[in-house]
Amino acid sequence: MRLAELSEHSGVSTATIKYYLREGLLPPGRQINATTAEYDEEHLRRLRLVRAMIQVGRVPVAKVREVLGHVDDDSLGRSIRLGAALWALPQVPEPDEDDEYVRAAHQEVTTLLDRLGWENAKQLTTISPAYRSLVVAVAAFRRLGYEWGAEQLAPYAELMHQTAVLDLDNLETHPSEAERVEFAILGAILNEPLLRSLHRLAQEEESTRRYGFE
């Protein structure tokens, strides 16, 4: 398809597509002549991924380029490739390691990982943004006087493990490594808000069942 057709199929303006091409977010099309290039379904899929990252995920263009670099790096194994792409997404700031609540949160999260037997997660604690985010959240609870720790978190973690199994089962239905990593990126951007919404709906449902509409 030509640029105008790519724009029509994707709903993205030709000017925006040209910008993505200049920024390296979209691979160049096959040159037909000096002024015309041809694009295919791979370009359309990549364009939709880019739009989801920028419009829904609010990911800066520079970060999108970094993530896509990992998506396209077929020299990496699946776990490293997937992890590198996800970790390139915007993350929470580094916690203040001198904060007493952060230190307590580290202890509780380590206890949690031991309790769950998540040995791989334990090995990645120094570099994992997910571990860092969890520590920051637990520290915030404890700073407000809520003694949340391993015991309270364990049932939630077990449910999240079931969710992760479903995620990877769905991911493995896609034929190529690039599609699998792209699916994981979309999951991080779209599936997390989806799960958050389901969680809140479930809370509303259970609250109404217990306490009525009063």
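Preceding this section is the structure that the text describes.
Attention here is on the structure that accompanies the text. (Residues numbered from 1 in each chain as written. Predicted model: local features only at pLDDT ≥ 70, side-chain atom pairs only at ≥ 80, totals over all residues. Heavy atoms only, no water.)

**What about the overall build of the protein chain?**
Moving on, step 1. The helix and strand inventory of the protein chain stands at 10 helices and 2 strands.
Moving on, step 2. Written out in order from the N terminus, the α and β elements of the protein chain read α-α-β-β-α-α-α-α-α-α-α-α.
Moving on, step 3. Across its three principal directions, the C-alpha atoms of the protein chain cover 65 × 45 × 30 Å.
Moving on, step 4. Taking all 214 residues of the protein chain together, the buried fraction comes to 31%.
Moving on, step 5. For the protein chain, contacts bridging at least 24 residues in sequence account for 60% of all contacts bridging at least 6.
Moving on, step 6. With an accessible surface of roughly 13,600 Å², the protein chain has 54% of that area assigned to carbon and sulfur atoms.
Moving on, step 7. Between the mean site of the 24 positive side-chain charges and the mean site of the 34 negative ones, the protein chain shows a separation of 5 Å. (Helix = DSSP H or I, 4+ residues; strand = E, 2+ residues; numbered from the N terminus. Buried < 20%, exposed > 50% of the residue type's maximum accessible area, 1.4 Å probe, protein only. Contact = heavy atoms within 4.5 Å. Areas by Shrake-Rupley, 256 points an atom, 1.4 Å probe, with all protein chains shown as cover. Lys, Arg positive; Asp, Glu negative; His and termini not counted. Charge placed at Lys NZ, Arg CZ, Asp CG, Glu CD.)

**Notes on a nonpolar patch on the surface**
Moving on, step 1. Judged by side-chain polarity, Leu194, Leu195, Leu198 and Leu201 come together as a nonpolar surface patch covering roughly 350 Å² of accessible area.
Moving on, step 2. With respect to the helices and strands, Leu201 occurs in helix α10 (residues 177-211).
Moving on, step 3. When its relative accessible area of 53% is taken as the criterion, Leu201 is described as exposed. (Patch = residues over 30% accessible without salt bridge, like charges linked within 9 Å, V, L, I, M, F, W, Y side chains within 5 Å. Salt bridge = Lys/Arg side-chain N within 4 Å of Asp/Glu carboxyl O.)

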